[in-house]
Amino acid sequence: MALSIKEIQVLLGILMDENLENHSIEHIISQVNQHISKSSYFKLGHAIVTVIVNSIIQKPSQRIVALSILYDLYKTDSFAHNPFGIFFIELLQPESSRKFSTQDVRLKPVERSFLSHLIASNQGKELLKKTPAFIIHTDNTTIADFSHLKHLAEEFVSDHLPSTRNHISPLIPEHAVGNQIADPSDARKTAEALLSDPNSPARDTYRPEMIRLVPPLYFDDQEMIWLEEPVLNEHLVAYDSSLSVPHDSGTEAKKLMVKAYKNVLSLQQQQLLLTALDKDPKLVNHIGLTPSKLPDLVENNPLVAIEVLLKLMQSSQITEYFSVLVNMEMSLHSMEVVNRLTTTVDLPTEFVHLYISNCISTCETIKDRYMQNRLVRLVCVFLQSLIRNKIINVQELFIEVQAFCIEFSRIREAAALFRLLKQLETGENPGQSLSVTNMRS
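Remember, it's a predicted structure, so these values are computed and weren't measured experimentally. (Residues numbered from 1 in each chain as written. Predicted model: local features only at pLDDT ≥ 70, side-chain atom pairs only at ≥ 80, totals over all residues. Heavy atoms only, no water.)

Q: Can you lay out the overall build of the chain for me, pointing to particular residues and giving the numbers?
A: Looking only at helices and strands, the chain features 20 helices and 2 strands. Taking all 441 residues of the chain together, 41% fall into the buried category. Long-range pairs, those at least 24 residues apart, make up 73% of the contacts in the chain with a sequence separation of at least 6. Put simply, the chain shows about 25400 Å² of open surface, and 52% of that area lies on carbon and sulfur atoms. (Helix = DSSP H or I, 4+ residues; strand = E, 2+ residues; numbered from the N terminus. Buried < 20%, exposed > 50% of the residue type's maximum accessible area, 1.4 Å probe, protein only. Contact = heavy atoms within 4.5 Å. Areas by Shrake-Rupley, 256 points an atom, 1.4 Å probe, with all protein chains shown as cover.)

Q: Any chance you could break down the environment of isoleucine 5 for me, citing the residues and the numbers?
A: Structurally, isoleucine 5 is set in helix α1 (residues 5–15). Taking the C-alpha atoms as reference points, isoleucine 5 and leucine 195, separated by 190 residues in sequence, lie 8.6 Å from one another.

Q: A description of the packing of helix α3 (residues 41–53) against helix α4 (residues 60–73) should follow, citing residues and the corresponding values.
A: Interhelical geometry of α3 versus α4 gives an angle of 155° and a closest axis separation of 10 Å. Comparing the axis directions of α3 and α4 gives the class roughly antiparallel. You can see that α3 and α4 cross each other, and the crossing is left-handed. Residue-level inspection shows Tyr41, Leu44, Gly45, Ile48, Val49 and Ile52 of α3 in contact with α4, the latter providing Ala66, Leu67, Ile69, Leu70 and Leu73. (Axes fitted to C-alpha atoms, helices over the stretch in contact; angles between N-to-C directions. Parallel < 35°, antiparallel > 145°, perpendicular 65-115°, else oblique. Left-handed = near helix turned anticlockwise from the far one by under 90°.)

Q: How would you summarise the environment of isoleucine 135 if you had to cite specific residues and measurements?
A: Turning to its location among the elements, isoleucine 135 is positioned in helix α8 (residues 132–138). The class of isoleucine 135 is buried, set by a relative accessible area of 8%. C-alpha separation for the pair isoleucine 135 and glutamate 21, spaced 114 residues apart in sequence, amounts to 9.4 Å. Discounting chain neighbours no more than four positions away, the residues touching isoleucine 135 are Ile25, Ile64, Val110, Phe114, Leu127 and Lys130.

Q: Would you mind going over unusual backbone geometry in detail, with residue names and values included?
A: For lysine 390, which is not glycine, the phi torsion reads 55° and is therefore positive. Summarising the element assignment, lysine 390 is placed in the loop between α18 (369–388) and α19 (398–407).

Q: For the nonpolar core, give the residues involved together with the corresponding values.
A: Membership of the largest hydrophobic core comes to 67 residues, with the highest contact counts inside it found for Leu325 and Ile356. Tallying contributions element by element places α18 first for this core, with 9 residues. Excluding anything up to four places from it in sequence, leucine 325 contacts Leu294, Val298, Leu309, Val337, Val338, Leu341 and Tyr355. By size, the runner-up hydrophobic cluster in this structure holds 57 residues, among which are Ala47, Ile52, Leu67 and Phe88. (Core = buried A, V, L, I, M, F, W, Y, C linked by side-chain atoms within 4.5 Å.)

Q: Tell me what's going on with the packing of α4 against helix α6 (residues 109–120), and back it up with residues and numbers.
A: Remark: α4 packs on α6, axes separated minimally by 10 Å, with the N-to-C direction vectors making an angle of 15°. The angle between α4 and α6 places the two elements in the roughly parallel class. In this structure, the crossing between α4 and α6 has a hand that is right-handed. Residues Pro60, Arg63, Ile64, Leu67, Ser68 and Tyr71 of α4 pack against Glu111, Phe114, Leu115, Leu118 and Ile119 of α6. Its residues assigned to classes, the contact of α4 with α6 shows 8 nonpolar, 1 polar and 2 charged. (Nonpolar A, V, L, I, M, F, W, Y, C, P; charged D, E, K, R; others polar.)

Q: Tell me about the packing of aromatic side chains, and please be specific about residues and values.
A: A complete count under the given rule lists 6 aromatic pairs for this structure. Among the aromatic residues, those joined into a cluster by ring pairs are Phe42, Tyr74 and Phe84. (Phe/Tyr/Trp six-rings, centres within 6.5 Å; stacked < 30°, edge-to-face > 60°.)

Q: Can you explain the pattern of salt bridges? Please cite residues and give values.
A: In this structure the tally under the stated criterion is 8 salt bridges. Taking the shortest distance from any N to any O, the salt bridge between arginine 63 and glutamate 111 comes out at 2.7 Å. Of this pair, arginine 63 sits in helix α4 while glutamate 111 sits in helix α6, placing them 48 residues apart in sequence. Take glutamate 111: its relative accessible area is 1%, and that puts it in the buried class. Aspartate 72 serves as the salt-bridge partner of lysine 75, at 3.0 Å between the closest nitrogen and oxygen. The class for lysine 75 is partly exposed, based on a relative accessible area of 48%. For aspartate 72, a relative accessible area of 12% translates into the label buried. Three or more residues are tied together by salt bridges with common partners; here these are Asp278, Glu307, Lys311 and Arg340. (Salt bridge = Lys/Arg side-chain N within 4 Å of Asp/Glu carboxyl O.)

Q: Which residues make up a negative patch on the surface, and what values do they have?
A: Judged by side-chain charge, Asp145, Asp296, Glu299 and Glu329 come together as a negatively charged surface patch. Residue position: aspartate 296 is located in helix α13 (residues 294–300). For aspartate 296, a relative accessible area of 41% puts it in the partly exposed group. (Patch = residues over 30% accessible without salt bridge, like charges linked within 9 Å, V, L, I, M, F, W, Y side chains within 5 Å. Lys, Arg positive; Asp, Glu negative; His and termini not counted. Charge placed at Lys NZ, Arg CZ, Asp CG, Glu CD.)

Q: Can you break down α19 residue by residue, with the values?
A: Looking only at α19, the buried set comprises Phe398, Val401, Gln402, Phe404 and Cys405. All buried residues of α19 project into a common sector of 155° when viewed along the axis, lining one side. Residues of α19 that are exposed and angled more than 90 degrees away from the buried face: Ile399 and Ile406. Among the structural elements, α17 (349–365), α18 and α20 (412–426) are those in contact with the buried residues of α19. (Arc of directions from axis to C-beta.)

Q: Any details on the side chain of histidine 353? Residues and values, ideally.
A: Secondary-structure assignment places histidine 353 in helix α17. Here glutamate 396 takes part through its side chain, which lies 3.4 Å from a polar atom of the side chain of histidine 353. (Polar contact = N/O pair within 3.5 Å; in protein donor to acceptor, adjacent residues only side chain to side chain.)

Below, the structure is given as structure tokens:
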């Protein structure tokens, strides 16, 4: 299933046009629609994904146009039925937490901002009227809230693409070395070969071989034997007999976790749950918590969320939990969880910085003046706590935090944070630490 040679040449001619960034995106999309029929939309989308994932196009202006064309193909359909919805969501995730073949796609902040506003807000029509050059030079890096779309995209994957998590692309992009720039004509020839050849490796993926034990044959009621005698010099299978064995002590813990996602647990219920987790460290892997359920747990029972995350620190999924935590909607409870984690364990610096940026962005975009003032106060006290406890190096965020303080200088806590920054700048002792939990009012 591929585009015709003529359609491929039209697509690549548009994406690799030297004057691409000076035309409005809306005009470029109309050119594509003139030459490629609606019946070929899915093929066109697949081709666009291929050139992005395999780094055939590497300029921000090219990727902005390519993503806009891909968005326009199914813009009238529900996002839950968009076959490329999960591709958009994956590109907006941090590279380390992506699950599919987009790990090598490195979008610039302005590209991620553009894509988030394109799919998650009502600005799509207005954005398409602008030129790629205007979008890039505007240098807007705010990220629109796409959490509701992420949920829909994940449902589509679980229903339609359950095996794609185990597939990888056999193609390795060749990046430019030093100041050497790849010849555009070579890139175009490569793209045409990949997209037009039905036997191209870009149309297939490598999949792991699923090896399973041969089921045993029952010789009689007391004995099981293998169909063939085992060879002594072969490796023996080591099987953990404790796997899939129900934990009697964890039955009540599982029930309490189900309640914890929806309601605030009583102090007695919290104590029962935390005691069960302390007695059996492995129980945390059997109580039904997943990254997608973490936001509900944080909002309803932040203390439980803190203890569970601390026990999951050695889990292979901890990075995914951190990613969900720092990208969830900002609130007092999410700040409590992040603040407690930062004072207990060493969180990756990029996650802490991303959470701070998301908090600042939320304060700047909220319309309700009362809620804005309250959130600004929370963020200021939270930042003071991180700075005074030396959790973050404020120099790395100095410009962003200083601009935030100046913008909200009418608020007492923002002015106090600004004074703290000036004290640090002059080398003065910042004084005693503050607690985020003091800001519940």
